[in-house]
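Listed here are the chains, written in short residue letters.
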Amino acid sequence: KTRISGWMSLGGVLLCITGSEAMFADLGHFSYTAIQIAFTFLVYPALILAYMGQAAYLSMHHENASGISFYLAVPEKVKWPVFLVAILASVVGSQAIISGTFSIINQSQSLGCFPRVKVVHTSDKIHGQIYIPEINWILMILCIAVTIGFRDTKHLGNASGLAVMAVMLVTTCLMSLVIILCWHKPPIVALCFLLFFGSIEILYFSASLVKFAEGAWLPILLALFLMTIMLVWHYATIKKYEFDLHNKVSLEWLLALGPSLGISRVPGIGMVFTDLTSGIPANFSRFVTNLPAFHKVLVFVCVKSVPVPYVPPAERYLVGRVGPPSHRSYRCIVRYGYRDVHQDIDSFESELVGRLESFIRYDWTQGQEADAPSSEHNESQVNKPNDTELAVIGTIRVSRYPSYEIDENPQPASVSIELPTVDAMADIIEMGHIKRRVRFADDVTAGDEKEIEMRQELEDLWDAQQAGIAFIIGHSHVRAKPGSSFLKKIAINFGYNFLRRNCRGPDVALRVPPVSLLEVGMVYVV
């Protein structure tokens, strides 16, 4: 009956449900069941009663409809209590949106789609409760600016309605993909779902777009701004990775480094952080070129964020050798889910050394169990350079009894490890979260060369840990290639570099102590 005027009024009808969806942003803090119960038995009945009362008041006073508002329908005796409840409800709703924003930003930066920001975990038991100071300040400034700029609840309502409807429409499109890719349903089911819900949502969305000039432009502008930041950051991050991939150094180059080239090995463990899962990163070759020395124990560490919420601790570390055992070089890939809590650097380095110890024992044990046609062939296999075989350290079990005894008396693990000299027959090492006393048995024969080599490799690792750990991280500067388009030059030379200078660096994100940090300057031309 109302035709165009009725269609345009759908933008106002939409405001009846805006706000109630904010509670679903609390999924990071509460379970699905808790929110379903709260919505079904509390929120939904309260909304229905409120709108029924307002409709009853409107039916009795429709002759003066132009001046009717929610508070006119509230009896005088409870007007101020209802006003107070409304203020508290707006605080609760905004808090839910803020918490949801924190979760989305945290997951986006874990997937490399947003600049690094400070994430504070506010609960030791619930990992979903986080706080991001920078985002909190930005939200506060935006709220004040919008309130001062609009000065009208009508414009604020139009902006809110379009934002909510856009979220619903995007969710419906993504849900149709979930039906096909995750639930493995026929495409016709997803198409029916998309057409049924999408047609209703497009009707409301088009009605909200009519109010574009009356405040609805704000969420679109903010979405374009945030999307531009995410695209620039993700694009430059991918190009940096491709540059590292094409400029990595071969394993033979690393094995050739030695005293004959004026390269010396210094005591300690050198942890080289890189995004590569194979090969030698270019920042390490630049480091050796400018400072012809590197540590006796070398570990190439790659911290990866995988697109799953959590990675079990037993499956977090992938460890392998880089070159023969005599070179004392290893590769470790550390995998975190986008909702995992990253360890502080002290517990990280202690656990990493513990996983290296477990890998060394596992590797030598597997070598002893492997069948070889001759000792010469076995020797060639042991000294063969290898940079592709990795083992998940945490779930493996040594299938033969090692030639050392373990005193199973668990003690609380400390962050700083005080090891005695490696010449002592009893050493205290940290493996996982339990300290164990390890004593090599006296019945080891002198002819067991592999056992002796394993013990020597373990002692070298403990010696290096006692000497100290240095963290080698690339300090990158990115610029566009000559001849690139004007848009790409603006995005890379100005946009990305501005974001890189004003967000947290990799050393801060990894919580590396400045006294142990070695930064290697790198220029990326992408």
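Residues numbered from 1 in each chain as written. Predicted model: local features only at pLDDT ≥ 70, side-chain atom pairs only at ≥ 80, totals over all residues. Heavy atoms only, no water.

Undergrad: Explain a nonpolar patch on the surface to me, and be specific about the residues and the numbers.
TA: On the surface, Leu-209, Phe-212, Trp-217, Ile-220, Leu-221 and Leu-224 cluster together to form a nonpolar patch covering roughly 530 Å² of accessible area. Here Phe-212 is to be found in the loop between helix 6 (187-209) and helix 7 (217-246). Overall, the relative accessible area of 39% leaves Phe-212 in the partly exposed class. (Patch = residues over 30% accessible without salt bridge, like charges linked within 9 Å, V, L, I, M, F, W, Y side chains within 5 Å. Areas by Shrake-Rupley, 256 points an atom, 1.4 Å probe, with all protein chains shown as cover. Salt bridge = Lys/Arg side-chain N within 4 Å of Asp/Glu carboxyl O. Helix = DSSP H or I, 4+ residues; strand = E, 2+ residues; numbered from the N terminus. Buried < 20%, exposed > 50% of the residue type's maximum accessible area, 1.4 Å probe, protein only.)

Undergrad: Go over the nonpolar core with me, naming the residues and quoting the values.
TA: Formed by 31 residues in total, the largest nonpolar core has its most connected members in Ile-269, Met-271, Val-299, Val-301, Phe-348 and Leu-352. The contact partners of Ile-269, leaving out residues within four places of it in the chain, are His-295, Val-297, Val-299, Val-353, Leu-461, Ala-464, Gln-465, Gly-468, Ile-469 and Ala-470. In this structure, Ile-130, Ile-132, Ile-135 and Val-478 belong to the second largest nonpolar core, which totals 23 residues. (Core = buried A, V, L, I, M, F, W, Y, C linked by side-chain atoms within 4.5 Å. Contact = heavy atoms within 4.5 Å.)

Undergrad: Please give an account of the pattern of salt bridges that cites residues and values.
TA: Any two side chains of opposite charge can pair, on the condition that their charged atoms come close. Considering all chains together, one arrives at seven salt bridges under this definition. The partner of Glu-214 in a salt bridge is Lys-154, with the nearest N and O atoms 3.8 Å apart. Note that Glu-214 is positioned in the loop between helix 6 and helix 7 and Lys-154 in helix 5 (residues 153-181), a separation of 60 residues in sequence. Assessed through its relative accessible area of 31%, Glu-214 is described here as partly exposed. For the salt bridge of Arg-328 with Asp-460, the shortest nitrogen-to-oxygen distance reads 2.9 Å.

Undergrad: Hey, could you go over the pairing of strand 4 (residues 293-306) for me, with residue numbers and the actual values?
TA: The two faces of the sheet receive side chains in turn, since in a regular strand these alternate between them. Here strand 3 (residues 264-273) runs beside strand 4; their pairing, made up of eight bridges, is parallel. Directly across from Ile-269, in strand 4, lies its bridge partner Val-297. As paired strands, strand 4 and strand 6 (residues 329-337) are joined by nine bridges and run parallel to one another. Counterpart to Lys-304 in the pairing with strand 6 is Arg-335. (Pairing = 2+ DSSP bridges.)

Undergrad: Provide a residue-level description of the environment of Leu-352, including the pertinent values.
TA: Inspection of the secondary structure puts Leu-352 in helix 10 (residues 345-369). In this structure, the C-alpha to C-alpha distance between Leu-352 and Val-301, residues 51 residues apart in sequence, is 9.6 Å. Setting aside residues no more than four positions away along its own chain, Leu-352 makes contact with Met-271, Val-299, Val-301, Tyr-317 and Cys-332.

Undergrad: For helix 2 (residues 32-60), give the residues involved together with the corresponding values.
TA: The end-to-end C-alpha separation of helix 2 is 41 Å, in line with the 42 Å expected for 29 residues at 1.5 Å each. A maximum bend of about 45 degrees is found in helix 2 at Phe-39. (Expected span 1.5 Å × (residues − 1). Bend = angle between axes of the 7 residues up to and from the residue.)

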